[in-house]
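For reference, the chains in residue letters:
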2 protein chains.
Amino acid sequence: MKKSSFADRNCAVAQTLERVGEWWTLLILQNAFCGMTRFDQFRNHLDIASNVLANRLAKLTKAGILDRRSADDDGRAYEYRLTKMGLDLYPVIIALTNWGERWVPDPKGPRIKLVDRKNGKPVPAVTVRSMDGRTLNAFEVRALAGPGADRKTLELLSPRSRPTGVQFPVPSSKRKKAKPRA
Amino acid sequence: MKKSSFADRNCAVAQTLERVGEWWTLLILQNAFCGMTRFDQFRNHLDIASNVLANRLAKLTKAGILDRRSADDDGRAYEYRLTKMGLDLYPVIIALTNWGERWVPDPKGPRIKLVDRKNGKPVPAVTVRSMDGRTLNAFEVRALAGPGADRKTLELLSPRSRPTGVQFPVPSSKRKKAKPRA
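Scoring rules and cut-offs
- Residue positions are given per chain, counting from 1 as you read along its sequence in written order.
- Chain A is the first chain written and ligand 1 is the first ligand written, with later ones labelled in order.
- Residues qualify for local features only when their pLDDT is at least 70, as the model is predicted, and side-chain atom pairs are given and counted only at 80 or more; totals for whole chains, interfaces and linings, by contrast, use all residues.
- In computing side-chain values, all of the structure's heavy atoms are included and hydrogens and water are not.
- Two aromatic rings from Phe, Tyr or Trp, using only the six-membered ring of Trp, form a pair when their centres are within 6.5 Å; if the ring planes differ by under 30 degrees the pair is stacked, by over 60 it is edge-to-face, and anything between is tilted.
- A run of DSSP states H or I qualifies as a helix once it reaches four residues; a run of E qualifies as a strand once it reaches two. Both are numbered from the N-terminal end.
- Using a 1.4 Å probe on the protein chains alone, a residue whose accessible area is under 20% of its type maximum counts as buried, one over 50% counts as exposed, and one in between counts as partly exposed.
- Take the buried residues of types Ala, Val, Leu, Ile, Met, Phe, Trp, Tyr and Cys, join any two whose side-chain atoms come within 4.5 Å, and each joined set is a nonpolar core.
- Throughout, a contact is declared for two residues whenever any of their heavy atoms are within 4.5 Å.
- pLDDT expresses how confident the predictor is about each individual residue, on a scale running from 0 to 100.
- Alignment of the copies relies on least squares applied to C-alpha atoms, considering only residues that score at least 70 for pLDDT in both.

*Asks:* How should I be thinking about the packing of aromatic side chains in this particular structure?
*Replies:* Aromatic rings considered in pairs are described by the distance between their centres and by the relative angle of their planes. In total, this model carries six aromatic pairs over all chains according to the counting rule given. Centre to centre, the rings of Phe 6 of chain A and Trp 23 of chain B are 4.3 Å apart; their planes meet at 0 degrees, and the pair counts as stacked. Taken together, the residues span two chains, with Phe 6 of chain A in the segment before α1 (12-20) and Trp 23 of chain B in the loop between α1 (12-20) and α2 (25-33). For Trp 23 of chain B, a relative accessible area of 10% translates into the label buried. Ring centres of Phe 6 of chain A and Trp 24 of chain B lie 5.0 Å apart, and the angle between their planes is 70 degrees; this geometry places the pair in the edge-to-face category.

*Asks:* In this structure, what is going on with the nonpolar core? I would like to understand it.
*Replies:* Side chains of nonpolar character tend, in soluble globular proteins, to be buried together. Residues Leu 27, Ile 28 and Leu 29 of chain A together with Leu 27, Ile 28 and Leu 29 of chain B are the most contacted members of the largest nonpolar core, which totals 97 residues. Residues within four places of Leu 29 of chain A in sequence aside, it is in contact with Val 20, Leu 60, Ile 65, Leu 66, Leu 82, Leu 89 and Ile 93 of chain A.

*Asks:* Hey, could you run me through the confidence of the model for chain A in this one?
*Replies:* Detailed reading of the predicted coordinates is not advisable wherever pLDDT falls low. All names here are of chain A. Here chain A shows a mean pLDDT of 88. Residues at 70 or above account for 87%. By mean pLDDT, the top-scoring element of chain A is helix α6 (residues 90-103) (98), and the lowest-scoring one is helix α8 (residues 172-177) (42). Note that residues 167-182 has pLDDT below 50 and, in this model, 10 contacts with residues that lie over four places away or in other chains. Interface confidence for the predicted complex, expressed as ipTM, amounts to 0.89; the pTM equals 0.89.

*Asks:* Would you explain the relation of the copies chain A and chain B in this entry?
*Replies:* One chain copy maps onto the other through a rotation about an axis and a shift parallel to that axis. Aligned on chain B, chain A shows an RMSD of 0.0 Å; the corresponding rotation is 180 degrees and the shift along the axis is 0.0 Å. Both chain copies can therefore be described as sitting about a two-fold axis. Residue Val 92 of chain A of chain A places its C-alpha closer to the rotation axis than any other residue of that unit, at 2.9 Å. Both copies contact each other with a shared surface, as 100% of the interface residues of chain A are interface residues in chain B too.

Written out as C-alpha cells, the structure is:
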C-alpha cells in the first residue's frame with residue numbers, strides 16, 4: 001500500500017512529517033540522540049526489520065538529517081550521525097518524551113530522567129513560551145497566515161479560528177478583557 | 001500489512017507515538033488546534049480518505065486525546081474536541097511547526113506566524129530549557145535511567161551515551177572542564 005505523500009502541502013507540520021513522520025523514524029532518531037550510530041545497534045535495540053531500518057536510514061540521510069560516513073575503526077562499516085538539521089529535532093523528541101512520561105507513565109516511575117549536565121538539575125518539560133518567558137497554552141497563541149500561506153492555509157487560519165478543547169474552553173472573562181473599540 | 005506496535009516498549013517516545021505516530025494523526029491534531037471539530041472539515045481540508053480519517057479519529061477518541069460528542073446545533077453530527085491530554089500535545093505540534101518552517105521553508109516566507117494573543121508579539125521557537133531558562137541543546141542534557149527503566153533502557157542510557165552530531169561534536173574543552181576525581 002502506497003502511503004500518500006505530504007510533500008506538496010503548504011504546511012510546516014506536514015513538511016516535517018514527510019521527513020520524520022513514518023513509523024519507526026522518530027524512534028531511530030531518539031536512539032541517535034542517545035548516542036547510537038551503527039546499523040546493528042539500531043536494529044538490535046529497536047528490534048526492527050533490517051529492510052525497514054535500511055529504508056528509514058536512507059531517507060533520513062537523503063533528507064540531510066543524518067550523515068552517513070565510514071566508521072573510523074572499520075572502513076567497511078558506516079556510522080550515522082545527526083547533522084545540524086537533525087540535532088534541531090531535539091525539542092520534538094523531548095516534547096514527545098515529556099508527553100509519554102506524563103500520560104502513559106510506567107507504574108515504577110519515570111523511564112528516563114533528563115538533567116542539565118551543567119548542574120545536575122532536572123530539565124523541565126518543554127513548553128511553548130512567550131518572548132518574555134511565560135508558558136503559553138494553545139488558547140494564548142494566535143496562528144496567523146504568513147506570506148507563504150496558500151488558499152487552504154488561509155481558510156484554516158480564519159480570524160475566528162481557535163483551538164476547541166473540552167476541558168479548557170476559552171474563558172468568557174478573557175473575551176471581556178479585549179480592548180473595546182474606540 | 002500489519003504495522004508493529006510500540007505498546008509494550010519501555011520508552012516514553014514509543015508510547016507517545018503508539019497514540020499519535022500514525023501517518024495523518026498529527027496533521028489531524030494540528031487541525032484540531034486550529035479549531036476544526038467536524039469529520040467533514042478534517043476530510044475536506046486534509047483531503048484524506050474517509051475510512052482512514054474515521055480510523056484515526058476513533059483511535060484518538062479511544063486513547064482519550066479527543067472527546068467525541070453530539071454537535072450542539074445538529075444532534076446527528078459529532079464534534080471532536082481536544083481533551084486535556086490532547087491539549088498537552090501543543091508543544092509537540094509547535095516543535096514540528098518550528099522545524100518545518102526553519103528547514104523546509106516556503107520560498108514566499110512563513111506559512112504560519114504564531115503570536116502571543118496578549119500582546120501580538122511573535123512566539124519564539126520551542127526549545128529545551130534549563131530550570132533557570134537557558135536553552136539547552138542535546139549535548140547539554142544527560143538522559144539518566146529512572147526507576148521505570150528496564151534492561152533495554154538501561155543499555156541505551158549507559159553513562160557514556162551522548163548524542164553524536166556531525167556539526168557539533170562534544171567540544172574537548174567541555175570534557176576538560178569535568179571535575180577531576182579527588
